[in-house]
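Topology and contacts: notes
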Amino acid sequence: MGFRARGSVGASLQDAQSGGTRSTALRSGAVQTRPSRGHPRLEASRRAFPGTRPANSSASTSTSVSLREAELRDRQPGLEGGEVAEGAALEVPRHLAVIMDGNYRWAAERGRSGEEGHSAGIGALRRLVECSVSHGIEAVTVYAFSVDNWKRGEAERRFIFSLFETCLTTELPELLGKGVRVRFIGDRAALPASLRGLMGTAESATRENRRLHLTIAINYSAREDLAAAARAAAREVAAGRMDPSEIDEGVLEGFLSTAVIPRQCRQPDLLIRTSGEERLSNFLLWELAYTELCFTDVKWPDFDEGTFREALREYSRRERRYGG
């Protein structure tokens, strides 16, 4: 089992100019974790796993504890750059984003129905939440249903929405007990009224929880979210409450749907996409600008603690120089 990585355009250009590569190897051993000291925006590096990685990757200066100091502390003499020393603590992202892909393919490989694949995916989501809570991750954002998923057959859509309703009903007590705050982003208007009601109930019931901020993207489009943010800013200007010169990255970000996530962990540090696809599929396009990207062939229903820890190992190997 392994993860592959693909960087952002900016990182890829700088890496191509550097021309250097560095070999890495996975060292097994006792796994510990430590809180991430990451910057709100983390530059994606470009590396295959196992394989090579560029000598340089683009990023910006960290405002907290030095990542380089941590790397030096965690490596043992004789290890290649980017290797994680046996028994070393793993870097834990503050915010993890996940594209949960592969339910249907998982079912097809086993001669089962697509509905069985989607149902099995709920167990993987439960494991993701459990792992995130136990490792001290502050925020998790998952891609549950995109605007493009309306292209699926009506029967499959009905089943997925019904599954969402069942999950919200049965899992809510567990989420409350774990201290998980649930939020939803995306256009709710087109969703079934019964589902919208349960979404509101989950948000209201967990609003005081702070241990993990779980954001679920349903009927979500990052492009539409950006367009909606631009329209909101334009309305402020038209009403005379804002001058166009005041609109900067911070202002526009405040109009995005993800503004509901606490500022200190709003930008994802790590993205995991399962099932072998290597694209963002219109998910958090603004927020993922500097996120570390990890891709795995593991189908979503098979996602477990082992996959989760392997992602943390891959994340811990990254050298983020923040543009330096």
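These remarks concern the structure in this document. (Residues numbered from 1 in each chain as written. Predicted model: local features only at pLDDT ≥ 70, side-chain atom pairs only at ≥ 80, totals over all residues. Heavy atoms only, no water.)

Tallying secondary structure elements over the protein gives nine helices and eleven strands in all. Taking all 324 residues of the protein together, 52% fall into the buried category. Accessible area for the protein stands at about 14300 Å²; split by element, carbon and sulfur atoms hold 50% of it. (Helix = DSSP H or I, 4+ residues; strand = E, 2+ residues; numbered from the N terminus. Buried < 20%, exposed > 50% of the residue type's maximum accessible area, 1.4 Å probe, protein only. Areas by Shrake-Rupley, 256 points an atom, 1.4 Å probe, with all protein chains shown as cover.)

Turning next to the nonpolar core. The biggest cluster of nonpolar side chains holds 41 residues, and the ones touching the most others in it are L96 and L128. Leave out the neighbours within four places in its chain, and L96 touches L128, S132, I137, A139, V140, T141, L270, I272 and F308. Ranked by size, the runner-up nonpolar core spans 13 residues in total, among them A97, Y143, L271 and L293. (Core = buried A, V, L, I, M, F, W, Y, C linked by side-chain atoms within 4.5 Å. Contact = heavy atoms within 4.5 Å.)

This next bit is on the packing of helix 4 (residues 114-134) against helix 5 (residues 154-178). Axis angle and axis distance: for two packed helices, these are the angle between their axes and the distance between the axes, and together they describe the pair. At a closest axis distance of 11 Å, the pairing of helix 4 and helix 5 adopts a crossing angle of 25°. In terms of orientation, helix 4 and helix 5 fall into the roughly parallel class. Seen along the crossing, helix 4 lies across helix 5 with a hand that is right-handed. Touching E115, H118, S119, I122, R126, V129, E130 and V133 of helix 4 are E156, F159, I160, L163, C167, E171, L175 and K178, all from helix 5. The class makeup of the residues in the contact of helix 4 with helix 5 is eight nonpolar, two polar and six charged. (Axes fitted to C-alpha atoms, helices over the stretch in contact; angles between N-to-C directions. Parallel < 35°, antiparallel > 145°, perpendicular 65-115°, else oblique. Left-handed = near helix turned anticlockwise from the far one by under 90°. Nonpolar A, V, L, I, M, F, W, Y, C, P; charged D, E, K, R; others polar.)

The subject of this paragraph is the pairing of strand 8 (residues 180-185). Burial analysis of strand 8 places six of its six residues in the buried class, the great majority of the element. Neither face of strand 8 is open: one carries V180, V182 and F184, the other R181, R183 and I185, and all of them are buried. Pairing between strand 8 and strand 9 (residues 212-220): six bridges, direction parallel. Within the sheet, the bridge partner assigned to I185 lies in strand 9 and is A217. (Pairing = 2+ DSSP bridges.)

Next up on the list: the environment of K178. If you trace the backbone, K178 turns up in helix 5. What K178 contacts, discounting residues up to four positions off in sequence, is E130, V133 and R211.

On to the pattern of salt bridges. Within this structure, the stated rule accounts for 23 salt bridges. With a shortest N-O distance of 3.0 Å, D101 and R105 are connected by a salt bridge. In this structure, the salt-bridge partner of R126 is E171, at a minimum N-O distance of 2.7 Å. In this pair, R126 sits in helix 4 while E171 sits in helix 5, placing the two residues 45 residues apart along the sequence. When its relative accessible area of 14% is taken as the criterion, E171 is described as buried. Put simply, D101, R105, R273, E277 and R279 are held in one network by salt bridges that share partners. (Salt bridge = Lys/Arg side-chain N within 4 Å of Asp/Glu carboxyl O.)

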